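Geometric and topological summary
One-letter residues, chain by chain:
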Amino acid sequence: MTDSTAAAGAGIGPRLGVGREAEVYAWGDDAVVKLYRPGYRGHGAEAAALASLAGHDVAPSLVDVVKRDGRPGLVLERIVGADMLDLLRRRPWQVLAFARALAGAHLAVHCVEAPADLPDVRQVLAARIEAATLPRELQGFALRVLDGLPSGDRLCHGDYHPGNVMVSGDRVSVIDWSNAARGVPEADHARAILLLRWADPVPGTPLVTRGLMAVGRSLLTRGYARAYADVSRRPLRDLDSWLVVHAAARLSEGLMVEQPRLLALLNRAWQGARVLNR
Ligand SMILES: Nc1ncnc2c1ncn2[C@@H]1O[C@H](COP(=O)(O)OP(=O)(O)O)[C@@H](O)[C@H]1O
Ligand SMILES: [Mg+2]
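Because the structure is a prediction, the values reported are computed rather than measured. (Residues numbered from 1 in each chain as written. Chains lettered and ligands numbered in written order. Predicted model: local features only at pLDDT ≥ 70, side-chain atom pairs only at ≥ 80, totals over all residues. Heavy atoms only, no water.)

1. So, the domain arrangement of the chain
To keep things clear, this is the line we draw: In this document the domain limits rely on a domain assignment from an automatic tool or a database. Contact definition: two residues touch when any of their heavy atoms are within 4.5 Å. When two parts are put together, the accessible area they lose, computed with a 1.4 Å probe and summed over both, is reported as buried area. By definition here, a salt bridge exists when the distance from a side-chain nitrogen of Lys or Arg to a carboxyl oxygen of Asp or Glu is within 4 Å. The term polar contact refers here to a pair of N or O atoms within 3.5 Å; inside protein, the definition further demands a hydrogen-donor-capable atom paired with an acceptor-capable atom, and it admits residues adjacent in sequence only when both atoms are side-chain atoms.
Domain annotation for the chain reports domain 1 (3–77) and domain 2 (82–277). Taken together, the contacts link 17 residues of domain 1 with 19 residues of domain 2. Buried area between domain 1 and domain 2, summed over both chains or domains, comes out near 1300 Å², and the portion from carbon and sulfur atoms is 59%. Inspection of the domain 1/domain 2 interface yields 3 salt bridges. Across the salt bridge formed by Glu77 and Arg171, the nearest N and O atoms sit 2.9 Å from each other. For the pair domain 1 and domain 2, the number of links is 6 residue pairs in polar contact (both at pLDDT 80 or more).

2. Examining the pairing of strand S3 (residues 31–36)
The side chains of a regular strand alternate, first on one face of the sheet and then on the other. Here is the rule: Buried, partly exposed and exposed residues are distinguished by accessible area as a fraction of the type maximum, computed with a 1.4 Å probe on protein chains only: under 20%, between the cut-offs, and over 50%, respectively. In this description a helix means any DSSP run of H or I spanning at least four residues, a strand means any run of E spanning at least two, and both kinds are numbered starting from the N terminus. Two strands are said to pair when DSSP picks up at least two bridges between them.
In terms of residue burial, S3 counts as a mostly covered element, since 6 of its 6 residues are buried. With burial as the criterion, each face of S3 is covered, one bearing Ala31, Val33 and Leu35 and the other bearing Val32, Lys34 and Tyr36. Relative to S3, strand S2 (residues 22–27) runs antiparallel, the two sharing 6 bridges. Bridge pairing links Val24 to Lys34 in S3. Of the strand pairs in this sheet, S3 and strand S5 (residues 71–77) are connected by 5 bridges, and their pairing is antiparallel. Counterpart to Ala31 in the pairing with S5 is Glu77.

3. What about a nonpolar patch on the surface?
To be explicit about the condition: The patch calculation keeps residues exceeding 30% relative accessible area without a salt bridge and links them within 9 Å when they carry like charges or within 5 Å when they are nonpolar (Val, Leu, Ile, Met, Phe, Trp, Tyr). Note on areas: these come from Shrake-Rupley sampling with a 1.4 Å probe, and a residue is covered only by the protein chains present in the view.
Taken together, Leu96, Val215 and Leu219 make up a surface patch of nonpolar side chains, about 240 Å² in accessible area. When you line up the elements, Leu96 lands in helix H4 (residues 95–110).

4. So, the site of ligand 1
Operational definition: The nearness test applies per residue and asks whether one of its heavy atoms lies within 4 Å of the molecule or strand.
Around ligand 1 there are 16 residues in total, and Gly19, Lys34, Glu77, Ile79 and Asp176 lie nearest to it. Here Glu77 contributes a backbone N or O atom positioned 2.9 Å from a nitrogen atom of ligand 1. In the environment of ligand 1, an oxygen atom lies 2.9 Å from a nitrogen or oxygen atom belonging to the side chain of Asp176. Considering ligand 1 on its own, with 550 Å² of exposed area, one finds that the protein chains cover 86% of that surface. Mapped by element, the contributors of at least two residues to the shell around ligand 1 are S2 and S3.

5. With respect to the coordination of the magnesium ion (ligand 2)
How we decide: Donors, by definition, are the N, O and S atoms found within 2.8 Å of a metal, the threshold being 3.2 Å for Na, K and Ca, and water is not counted, so a site can look incomplete.
Looking at the metal site, the magnesium ion (ligand 2) is ligated by Asn164 (OD1) and Asp176 (OD), spaced 2.2 to 2.4 Å from it. On the criterion of sequence distance, the pair formed by Asn164 in the loop between strand S7 (154–156) and strand S8 (165–168) and Asp176 in the loop between strand S9 (171–174) and strand S10 (181–183) is long-range, its members being 12 residues apart. The class for Asn164 is buried, based on a relative accessible area of 5%. Judged by relative accessible area, Asp176 falls into the partly exposed class, the value being 22%.

6. So, the pattern of salt bridges
Counted under the stated rule, the structure contains 13 salt bridges. We note a salt bridge from Glu46 to Lys34, for which the minimum N-O separation is 3.0 Å. Taken as a pair, Glu46 in helix H2 (residues 43–52) and Lys34 in strand S3 lie far apart in primary sequence, 12 residues in all. Accessibility assignment for this pair places Glu46 and Lys34 in one class, buried. Notably, a salt bridge pairs Arg191 with Glu253, separated by 2.9 Å at the nearest N-O pair. Taken as a pair, Arg191 in helix H7 (residues 185–198) and Glu253 in the loop between helix H9 (239–250) and helix H10 (259–277) lie far apart in primary sequence, 62 residues in all.

7. Brief notes about the nonpolar core
Short version of the rule: Buried Ala, Val, Leu, Ile, Met, Phe, Trp, Tyr and Cys residues form a nonpolar core when they are joined through side-chain atoms within 4.5 Å.
Counting residues in each nonpolar core, the largest one holds 72 residues, and the members touching the most others are Leu155, Tyr160, Trp177, Tyr224, Trp242, Val245 and Leu266. Per element, the largest residue contribution to this core is 8 residues, and it comes from H4. Looking at this core, you find at least three residues from each of domain 1 (3–77) and domain 2 (82–277). Leaving out residues up to four positions away in the same chain, Trp242 has contacts with Val121, Arg122, Leu125, Leu146, Leu149, Pro150, Val184, Glu186, Ala187, Ala190 and Arg237. In this structure, Tyr25, Ala31, Leu35 and Val66 belong to the second largest nonpolar core, which totals 7 residues.

8. Digging into the sheet that holds S8
Spatially, 3 strands are ordered S6-S8-S9 in an open sheet, and the strand pairing comes out antiparallel. The open sheet has two edge strands, strand S6 (82–83) and S9, and neither has a second partner. Taken together, the 2 bridges between S6 and S8 define a ladder with antiparallel strand orientation. Directly across from Asp83, in S8, lies its bridge partner Met166.

9. Remarks on unusual backbone geometry
Although it is not a glycine, Asp176 sits at a positive phi angle of roughly 65 degrees. Phi at Arg233 is positive, roughly 50 degrees, even though this residue is not glycine. Counting through the fold element by element, Arg233 comes out in the loop between helix H8 (207–232) and H9. For Arg233, a relative accessible area of 75% translates into the label exposed.

Spelled out as structure tokens, the structure:
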């Protein structure tokens, strides 16, 4: 790690992006630095994931790990382009091409073996389900479903959606690896489907835009799911069960707008399982 505030200060430029966990600044001409907010600990997982992705051309390369004013920072190759969410807003008629690109990059990620020090996605999910606000019977049901699901050794992004995918010409680069974990690809794929289906658009979006987005969103979700299944050319196992556990885990994130739909999905699955077990 480069622990030099002077060196860090020498290269820092304008702020390019801001998220919940971190701020991203230009760093010299060809790089950015992602500075984590105090209290956020995702940089370890992000650095490990990016190191394992070196040479796969599906993520920015990790250049250095630095510290600035006590905050951990990752210096990353700078992607000159826009995120896919932004491009979808600007070029909605290309939604199916974006869906295919989204699936292709996700499959490329799942070809990578996860570093051993990343957490098991099943353990991450168990902790989130236990922390979620939901009726006890649904919580118990989700934990039992999770118990029957397999572990795996593939690199999982953990928060895969078009806002975390940058496009620069023909190149697609996946960013924001702070929730990276190890598991089977289906675990990561199911979370992406859930986010594509229901994650709320930016608060304050006018109603007409929301309507248009709903149409585009459904095309994007179906296009992504179809392209992922077609290109992976192997049966995807337990997708419905992974959707159930992700719906329960997502309830720990406190997103009130999504709550009714997540609970409805869980209730349907629970009732279905009860009928089968009768
Ligand atoms: N390697 C990069 N090159 C260029 N811009 C980047 C890069 N990484 C992140 N950004 C910009 O910073 C924003 C936030 O980065 P992200 O890693 O998603 O952080 P957060 O965890 O805060 O969401 C991105 O949406 C993007 O605009
Ligand atoms: Mg992000």
